[in-house]
Amino acid sequence: PVTRDKAHPTEKPLALLLDLLKVGRPGGAVLDPFAGSGTTGAAALRSGCSFLGCEMSAEYHAIASERLHSEGAAATLAAVRAGQQGLFDGG
């Protein structure tokens, strides 16, 4: 059992996720299909990676959204699309 306050029951320490992202490609993309409170997204953004997260719980979506906005993740849809590359465009 963990004694500290957590926003999500399975929340990982931010420092751990920052360390894990060091083994990936710098500036790469991180996908978290179960985003929870957004710790993985926060670590991705702090590491200079792009991030895509999915969360079906409205409560945790709200928590993660607030957290990612505080990390400077507020981007317009046009800005996100401008940086996207198609899956089948050969690039």
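Scroll up to find the structure this text is about.
So, here is what we can say about the structure in this document. Note that the structure is a prediction, hence the values are computed from the model and not measured. (Residues numbered from 1 in each chain as written. Predicted model: local features only at pLDDT ≥ 70, side-chain atom pairs only at ≥ 80, totals over all residues. Heavy atoms only, no water.)

## With respect to the pattern of salt bridges
Stated formally: Within this document, salt bridges are pairs made up of a side-chain nitrogen of Lys or Arg and a carboxyl oxygen of Asp or Glu, the two lying within 4 Å of each other. Helix and strand definitions follow DSSP, with helices as H or I runs of at least four residues and strands as E runs of at least two, each counted in order from the N terminus.
Per the stated rule, a full pass over the model turns up two salt bridges. Residue glutamate 11 is joined to arginine 67 by a salt bridge in which the shortest nitrogen-to-oxygen separation is 3.8 Å. One end of the pair, glutamate 11, is in the segment before α1 (14-21); the other, arginine 67, is in helix α3 (residues 58-70), with 56 residues separating them in the sequence. Note that lysine 22 and aspartate 19 form a salt bridge whose closest N and O atoms lie 3.3 Å from each other.

## Remarks on the packing of α1 against helix α2 (residues 39-46)
Any two packed helices are characterised by how steeply their axes cross, that is the angle between the axes, and by the distance between the axes. Put simply, the rule is: Fitted lines through C-alpha atoms give the axes, limited to the stretch in contact for helices. The angle between two N-to-C directions lies from 0 to 180 degrees. Orientation is classified from the angle alone, with under 35 degrees giving roughly parallel, over 145 giving roughly antiparallel, 65 to 115 giving roughly perpendicular, and any other angle giving oblique. Note on convention: near helix rotated counterclockwise from far helix by under a right angle means a left-handed crossing. Clockwise means right-handed. Residue contacts are defined here by distance: any two heavy atoms, one from each residue, within 4.5 Å place the two residues in contact. Charged means Asp, Glu, Lys or Arg here, nonpolar means Ala, Val, Leu, Ile, Met, Phe, Trp, Tyr, Cys or Pro, and polar covers whatever is left, Gly included.
Where α1 contacts α2, the axes come no closer than 9 Å and their chain directions differ by 50°. If you check the angle between α1 and α2, you find them oblique. Taken as a pair, α1 and α2 cross one another with a handedness that is right-handed. Contacts between α1 and α2 pair Leu14, Leu17, Leu18 and Leu21 from the former with Thr39, Thr40, Ala42, Ala43, Ala44 and Arg46 from the latter. Grouping the constituent residues of the contact of α1 with α2 by class yields seven nonpolar, two polar and one charged.

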